[in-house]
Amino acid sequence: MLDINYITPDAEKISLDGLQALGLINPANPDSARNAVKNMIIYADFLIQKNQVMNLTAITDPAEIMRLHFLDSCAPASLYDFHDKSVIDIGSGAGFPGLPLKIIIPSIRLTLLDAQRKRVDFLQSVCEKLNLPGDIQCVHGRAEELIKNINCRESFDIAISRAVASLPVLIELSLPFVKLNGCFIAMKSIQSDQELSDAANAIQILGGQIERVQDYQIPGADIYHRLIIIRKVKNTPPRYPRAFARIKKSPL
């Protein structure tokens with residue numbers, strides 16, 4: 001029996017119904033969905049516990065955590081193929097969207113990157129609790145500094161980020177990690193048309209091309225979010241990304 005203190009009994013139903021609505025339950029293997037939900041509940045319970053002593057999430061209602069963090073994080077897997085891909089989550093924070101994606105698609109080779117040591121320590125603790133299979137790394141550092149490591153530059157199939165900065169800034173921080181023909185996926189609000197327009201120059205300079213912009217509804221909520229999928233069609237020039245102060249002051 002799970003040692004759960006904060007997550008309410010309806011969380012399992014919310015999660016299972018949500019995964020069903022997203023088309024992420026394999027009818028041939030329904031147990032995999034239940035195992036994924038069990039891991040999500042363990043993760044969410046630990047998140048609420050740790051949130052009492054550190055700033056991990058402004059959402060504290062258990063049902064809303066399942067919908068607005070976990071199901072929202074899983075939604076990209078209903079719109080893009082993550083199986084057997086190397087994925088870096090830029091500015092992962094409390095682990096969203098990277099860890100829920102890894103939970104439902106264990107074949108992902110995942111790197112969680114965050115600039116705050118306490119958050120990285122939290123992510124490492126979550127990974128140890130869940131004992132997830134396969135390759136997973138929790139990395140402390142800033143994207144524009146980590147990219148100087150030759151083993152990181154243009155080495156991932158997918159970079160993904162969930163609303164941590166404006167799109168022009170996110171693209172400069174993220175697209176250099178993506179290999180040719182890979183993609184950067186930005187999770188944004190549906191009010192991001194101006195950001196997308198502002199990012200046109202950055203996309204072109206950094207070697208990207210917009211492949212798809214797709215809105216989706218979070219299951220069980222009257223909330224729509226947007227995926228912006230940018231394909232890497234050319235190598236990013238070596239001078240990018242610039243120092244963060246320059247990126248922020250003068251976006252491309």
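Definitions and cut-offs
- Residues numbered from 1 in each chain as written.
- Predicted model: local features only at pLDDT ≥ 70, side-chain atom pairs only at ≥ 80, totals over all residues.
- Heavy atoms only, no water.
- Helix = DSSP H or I, 4+ residues; strand = E, 2+ residues; numbered from the N terminus.
- Contact = heavy atoms within 4.5 Å.
- Polar contact = N/O pair within 3.5 Å; in protein donor to acceptor, adjacent residues only side chain to side chain.
- Core = buried A, V, L, I, M, F, W, Y, C linked by side-chain atoms within 4.5 Å.
- Buried < 20%, exposed > 50% of the residue type's maximum accessible area, 1.4 Å probe, protein only.
- Phe/Tyr/Trp six-rings, centres within 6.5 Å; stacked < 30°, edge-to-face > 60°.
- Lys NZ or Arg CZ within 6 Å of the ring centre and 35° of its normal.

J.: Explain the environment of Asp 89 here, please?
T.: Along the chain, Asp 89 falls in strand E1 (residues 86–90). Residues within four places of Asp 89 in sequence aside, it is in contact with Gly 95, Phe 96, Pro 97, Gly 98, Thr 111, Leu 112, Leu 113, Ile 160 and Ser 161. Among the polar contacts made by the side chain of Asp 89, one reaches the main-chain amide nitrogen of Gly 98 at a distance of 2.9 Å.

J.: Which parts of the structure should I look at to understand the nonpolar core?
T.: Across soluble globular proteins, nonpolar side chains have a tendency to be buried as a group. Within the largest apolar cluster, 60 residues are counted, with the highest numbers of intra-cluster contacts made by Tyr 43, Phe 82, Leu 99, Phe 122 and Ile 185. Here this core gets ten residues from one element, more than from any other, and that element is helix H2 (residues 30–51). Here Tyr 43 is in contact with Phe 70, Ala 94, Gly 95, Phe 96, Leu 99, Pro 100, Ile 103, Phe 122, Val 126 and Leu 130, once residues within four sequence places are set aside. Among the nonpolar cores identified, the runner-up in size contains 29 residues, and Ile 90, Ala 159, Val 178 and Tyr 240 belong to it.

J.: Help me understand the packing of aromatic side chains, please; the structure alone is not making it clear to me.
T.: Within a pair of aromatic rings, the relevant descriptors are the distance that separates the centres and the angle that separates the planes. All chains considered together, the criterion is met by six aromatic pairs. Centroid distance Tyr 43 to Phe 96: 5.5 Å. Interplanar angle 10°. Geometry classified as stacked. Here Tyr 43 is found in helix H2, whereas its partner Phe 96 is found in the loop between E1 and helix H4 (98–104), with 53 residues between them in sequence. On the basis of relative accessible area, Phe 96 is assigned to the buried category, the value being 5%. Ring centres 5.2 Å apart and planes at 80° place the aromatic pair Phe 70 and Phe 96 in the edge-to-face group. In this pair, Phe 70 sits in helix H3 (residues 62–74) while Phe 96 sits in the loop between E1 and H4, placing the two residues 26 residues apart along the sequence. Accessibility assignment for this pair places Phe 70 and Phe 96 in one class, buried. Sitting above the plane of the Phe 46 ring, Lys 129 keeps its charged end 4.8 Å from the centroid.

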